[in-house]
Amino acid sequence: MVPDILAFYRPILHHVTLRKCSIAPLLTLLSLALIAPSKLRAQQATFIDISKKLETIRGDEKVPGLIAALVVGERIVAQGVCGERKLDSGIPMQLDDKLHLGSCTKALTATMLATLVAEGKVNWNTSPTEVWRILKTQQHPDFEDINLEILLAHRSGLAKDVDWWHLTGKKPVTQRARMVIEVLSAPPEHPPGEYVYSNTGYAVAGAMAERLTGKSWEQLMQSQLFSPLSMTSAGFGPPSRNEETDQPWGHVIDEDGVKAVQIDNAPSLGPAGTVHMSIRDWAKFASFHLQAPASSEELLSPNQIEALQQPFPDSKEPAYGFGWIITRRAWAGGKVLTHTGSNTTWHATIWLCPKKNMALLAVTNTGAPNAHRTCDRAISTLLQVWRSKAWD
């Protein structure tokens with residue numbers, strides 16, 4: 001590992017840990033072909049296999065599994081996977097396995113919302129009072145100036161979380177709508193305009209889209225983003241269910257040691273952190289944000305993609321924009337976009353370097369205290385490969 005790399009990372013990596021659930025609880029085939037970055041060469045075998053290097057990291061850190069990928073333009077030029085889907089199962093983790101992204105969901109949600117803005121169905125300046133009539137009389141006056149962009153920039157004044165598992169309503173869309181009325185009728189938890197990381201804000205933004213389109217956030221993510229980008233593995237909740245090991249499990253540490261679990265954040269929190277997908281599909285999203293596919297403009301224009309990568313006005317570095325932490329690094333030629341995510345049983349990290357047309361992705365299926373460091377080390381390994389130009 002290059003010693004100076006992690007020194008670059010740690011000051012700005014925003015380790016967002018979402019609450020674990022209580023353990024006691026985008027089009028015809030032709031248009032898809034035109035829009036999707038299907039030319040992403042992730043399916044080709046011409047990549048550098050870094051599995052052995054990842055295994056060294058996994059062994060040192062004693063995590064169940066680890067997967068990482070280096071994206072340059074439309075290509076995955078290096079990737080690797082090691083470890084097990086479930087600790088002591090003997091079933092190896094695979095490159096096509098589904099991985100939980102935690103709060104890295106936020107950039108996906110913001111990008112989906114951008115497609116609705118492009119279609120004229122919503123505006124970044126749309127306020128909750130324009131969406132729910134009841135809020136015209138019931139919304140607390142301190143929330144008067146909040147809008148969709150402010151919600152996505154974590155400057156709404158809303159609390160980081162609500163009691164997600166006890167929201168009323170049978171379906172997440174109902175739970176989110178009722179939650180919006182409740183939280184916006186009460187005084188802000190923090191001064192609006194001040195940066196305070198808020199999963200609640202992203203849930204409110206998702207609920208606004210639901211109300212305006214008549215579709216659930218989950219449906220919108222599929223129709224507006226996953227289908228157009230051919231992210232066929234994308235879904236919601238834990239990658240594996242019902243005690244099956246057809247996909248990886250998450251892992252936690254309790255008084256008895258490492259424990260494999262199939263739990264996630266409450267579905268109502270979805271827009272803030274419940275998406276899962278394969279590393280190859282996540283690479284398609286990274287490639288889209290790099291504007292590598294020539295067909296990207298058919299979903300969002302270059303200017304619209306660029307707008308998603310801007311910090312909220314007057315933000316101090318590291319700044320926050322539309323689901324991205326935004327700062328600068330010399331090795332990236334300037335601006336970098338990054339985020340981490342964890343539902344406390346998984347950990348995911350992404351770095352996007354637009355000027356170098358490059359992205360770095362890493363995921364481990366544990367929420368252990370060293371999961372962050374494990375992904376940092378995998379990112380450092382990818383960065384070494386990129387610097388070596390061995391893939392060119």
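Residues numbered from 1 in each chain as written. Predicted model: local features only at pLDDT ≥ 70, side-chain atom pairs only at ≥ 80, totals over all residues. Heavy atoms only, no water.

Engineer: Looking at this structure, how should I read the confidence of the model for the protein?
Structural biologist: Detailed conclusions should not be drawn from predicted coordinates in areas where pLDDT is low. For the protein, the mean per-residue pLDDT works out to 89, and 87% of the residues sit at or above 70. In the predicted structure, residues 1–39 sits below a pLDDT of 50 and forms 107 contacts with residues beyond four places in sequence or in another chain. (pLDDT = per-residue confidence, 0-100. Contact = heavy atoms within 4.5 Å.)

Engineer: Please clarify how the environment of Thr56 should be interpreted in this entry.
Structural biologist: In this structure, Thr56 sits in helix α3 (residues 51–61). What makes Thr56 partly exposed here is its relative accessible area of 47%. In the structure, Thr56 is positioned 26 residues away from Cys82 in sequence and 9.4 Å away in space, judged by C-alpha atoms. (Helix = DSSP H or I, 4+ residues; strand = E, 2+ residues; numbered from the N terminus. Buried < 20%, exposed > 50% of the residue type's maximum accessible area, 1.4 Å probe, protein only.)

Engineer: It is not clear to me how the pattern of salt bridges should be interpreted in this structure. Could you clarify?
Structural biologist: Pairs can form between side chains of opposite charge whenever their charged atoms are close. Using the criterion set out here, one finds eleven salt bridges in the structure. Between Glu218 and Arg176 there is a salt bridge; the shortest N-O distance is 3.1 Å. A residue pair is termed long-range when its members are at least 10 positions apart, and Glu218 in helix α10 (residues 217–226) and Arg176 in helix α8 (residues 172–185) qualify at 42 residues. Given a relative accessible area of 0%, Arg176 falls into the buried group. Here Glu306 makes a salt bridge to Lys335, at a shortest N to O gap of 3.4 Å. You can see Glu306 sitting in helix α13 (residues 302–307) and its partner Lys335 sitting in strand β11 (residues 334–341), a full 29 residues away along the chain. Under the relative-accessibility criterion, Glu306 is labelled partly exposed at 33%. (Salt bridge = Lys/Arg side-chain N within 4 Å of Asp/Glu carboxyl O.)

Engineer: How should I be thinking about the environment of Leu299 in this particular structure?
Structural biologist: Mapped onto the elements, Leu299 comes out in the loop between α12 (279–289) and α13. With a relative accessible area of 15%, Leu299 lands in the buried category. In this structure, the C-alpha to C-alpha distance between Leu299 and Thr115, residues 184 residues apart in sequence, is 7.0 Å.

Engineer: Honestly, the pairing of β11 in this entry has me stumped. Any pointers?
Structural biologist: Each regular strand carries side chains that alternate between the two faces of the sheet. Of all eight residues that make up β11, eight are buried, and the element is covered over most of its length. With five bridges joining them, strand β10 (residues 325–329) and β11 adopt antiparallel strand pairing. Residue Arg329 lies in a different strand from β11, and its bridge partner there is Gly334. Between β10 and β11, which pair antiparallel in sequence order, lie four residues; one of them, Gly333, sits at a positive phi of approximately 75°. (Pairing = 2+ DSSP bridges.)

Engineer: Looking at this structure, how should I read the sheet that holds strand β4 (residues 98–100)?
Structural biologist: Backbone hydrogen bonds hold the strands of a sheet together, and the pairing may be parallel or antiparallel. Strand order in the open sheet formed by three strands is β4-β8-β5, and the pairing between neighbours is antiparallel. Of all the strands in the sheet, the pair left with one neighbour each is β4 and β5 (235–236).

Engineer: What is the right way to read the packing of aromatic side chains from this model?
Structural biologist: Aromatic ring pairs are described here by two measures, namely the spacing of the ring centres and the angle between the planes. As enumerated under the stated definition, the model contains seven aromatic pairs in all. With a centroid separation of 6.0 Å and an interplanar angle of 35°, the aromatic rings of Phe226 and Phe236 are classed as tilted. Remark: Phe236 occurs in strand β5 and Phe226 occurs in helix α10; sequence separation between them is ten residues. Of the two residues, Phe226 and Phe236, neither departs from the other in class, the shared state being buried. What links up through ring pairs into an aromatic cluster is the set Tyr195, Tyr197 and Tyr320. Lying across the ring of Trp249, Lys86 places its NZ or CZ 3.9 Å from the centre. Against the face of Tyr202 rests Lys106, its NZ or CZ located 5.7 Å from the ring centre. (Phe/Tyr/Trp six-rings, centres within 6.5 Å; stacked < 30°, edge-to-face > 60°. Lys NZ or Arg CZ within 6 Å of the ring centre and 35° of its normal.)

Engineer: Would you explain the packing of helix α4 (residues 105–118) against α12 in this entry?
Structural biologist: Two quantities define a packed helix pair, namely the angle between the axes and the distance from one axis to the other. Relative orientation of the contacting elements α4 and α12 amounts to 55°, with a least axis distance of 12 Å. In this view, α4 runs oblique relative to α12, as classed from their interaxial angle. The two elements α4 and α12 cross, and the hand of that crossing is left-handed. Note on element contacts: α12 touches α4 through Phe285, Phe288 and His289, opposite Ala107, Leu108 and Thr111. The residue inventory of the contact of α4 with α12, partitioned by class, reads four nonpolar, two polar and no charged. (Axes fitted to C-alpha atoms, helices over the stretch in contact; angles between N-to-C directions. Parallel < 35°, antiparallel > 145°, perpendicular 65-115°, else oblique. Left-handed = near helix turned anticlockwise from the far one by under 90°. Nonpolar A, V, L, I, M, F, W, Y, C, P; charged D, E, K, R; others polar.)

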